Amino acid sequence: WSVAVLGKAGMVLQVHTGLISRNELAAEWSEKLYYVTDDGLPVEELSDDEFNRRFDAFVYDASRNDFDRGCMRNCFSFWCVPRWARGQLGEF
């Protein structure tokens with residue numbers, strides 16, 4: 001049972017690590033907004049049949065994501081930059 005839970009958690013961790021390293025939202029990732037085919041064609045321009053046929057060959061294109069600053073900067077910003085004012089205690 002523990003191995004199964006660890007396997008699922010590992011896949012979730014892998015997806016989230018990728019999203020953080022690319023500074024990409026889950027909605028953007030699921031819609032493949034920043035992905036192109038191996039010949040540089042944006043994925044959203046493909047027909048449904050072509051999309052399905054070429055799905056495994058999609059490649060992330062950092063130049064299409066204005067918020068991607070590279071893996072190290074993205075990770076540093078996510079983990080080390082505060083998102084709230086210094087005096088804020090968390091109450092709403």
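Structural notes, computed from the coordinates. (Residues numbered from 1 in each chain as written. Predicted model: local features only at pLDDT ≥ 70, side-chain atom pairs only at ≥ 80, totals over all residues. Heavy atoms only, no water.)

## A short note on the overall build of the chain
Just so we agree on the cut-off: Helix and strand assignments follow DSSP, with helices taken as H or I runs no shorter than four residues and strands as E runs no shorter than two, numbered in order from the N terminus. We compute the radius of gyration from the C-alpha atoms alone; for a globule the expected value is 2.2 Å times N to the 0.38, where N is the number of residues.
In terms of regular secondary structure, the chain is built from 4 helices and 2 strands. When the helices and strands of the chain are placed in sequence order, the string is α-α-β-α-β-α. Its C-alpha atoms give the chain a radius of gyration of 17 Å, more than 25% over the compact-globule value 12 Å for 92 residues. The C-alpha extent of the chain, read off along each of the three principal axes, is 50 × 40 × 25 Å.

## Quick notes on the pattern of salt bridges
Defined as follows: Salt bridges are defined by distance alone: a side-chain nitrogen of Lys or Arg within 4 Å of a carboxyl oxygen of Asp or Glu.
Counted according to the given criterion, the structure contains 6 salt bridges. Close ionic contact of R54 with D39 constitutes a salt bridge, the shortest N to O distance being 3.1 Å. With R54 in helix α3 (residues 48-54) and D39 in the loop between β1 (35-36) and α3, the pair connects residues that are 15 residues apart, well separated along the chain. One salt-bridge network, in which partners are shared between bridges, spans D38, D39, E50, R53 and R54.

## Details of the packing of aromatic side chains
Rule in force here: Ring pairs shown here join Phe, Tyr and Trp side chains whose ring centres sit within 6.5 Å, with only the six-membered ring taken for Trp; geometry is labelled stacked below 30 degrees between planes, edge-to-face above 60, and tilted in between. Buried, partly exposed and exposed residues are distinguished by accessible area as a fraction of the type maximum, computed with a 1.4 Å probe on protein chains only: under 20%, between the cut-offs, and over 50%, respectively. For a Lys NZ or an Arg CZ to count as sitting over a ring, it must be within 6 Å of the ring centre and within 35 degrees of the ring normal.
Inspection of every chain in the model, using the stated rule, returns 5 aromatic pairs. Between Y35 and Y60 the ring centres are 5.6 Å apart and the planes differ by 65°, which places this aromatic pair in the edge-to-face class. Residue Y35 is found in strand β1, and its partner Y60 is found in strand β2 (residues 59-60); the two are separated by 25 residues along the sequence. Its relative accessible area of 21% is what places Y60 among the partly exposed residues. Relative to W79, the ring of F78 has its centre 4.8 Å away and its plane inclined at 85°; by these criteria the two rings are edge-to-face. You can call W79 exposed: its relative accessible area is 62%. Put simply, the rings of F51, F55 and F58 pair up and form one aromatic cluster. Over the face of the ring belonging to Y35 we find K32, whose NZ or CZ atom lies 5.1 Å from the ring centre.

## Here's the deal with helix α1 (residues 2-22)
Rules: Here the expected span of a helix is defined as 1.5 Å times the quantity of residues minus one.
Spanning 21 residues, α1 covers 30 Å between terminal C-alpha atoms, matching the ideal 30 Å at 1.5 Å per step. Residues of α1 that are buried include every one of G18, L19, I20, S21 and R22, and no others. Just past α1, the residue N23 takes up positive phi, approximately 50°.

## Describing the packing of α1 against helix α4 (residues 71-80)
Spelled out, the test is: Angles run from 0 to 180 degrees between N-to-C directions of axes, and those axes are lines fitted to C-alpha atoms, restricted for helices to the stretch in contact. We call two directions roughly parallel when the angle between them is under 35 degrees, roughly antiparallel when it is over 145, roughly perpendicular when it lies between 65 and 115, and oblique otherwise. Here, residues are in contact when the closest pair of their heavy atoms is within 4.5 Å.
Closest axis-to-axis distance for the α1/α4 pair is 7 Å, and the angle between their directions is 105°. Taken together, the axes of α1 and α4 are roughly perpendicular relative to one another. Along the contact surface, α1 presents I20, S21 and R22, while α4 presents C71, N74, C75, F78 and W79.

Geometry only, nothing functional implied.
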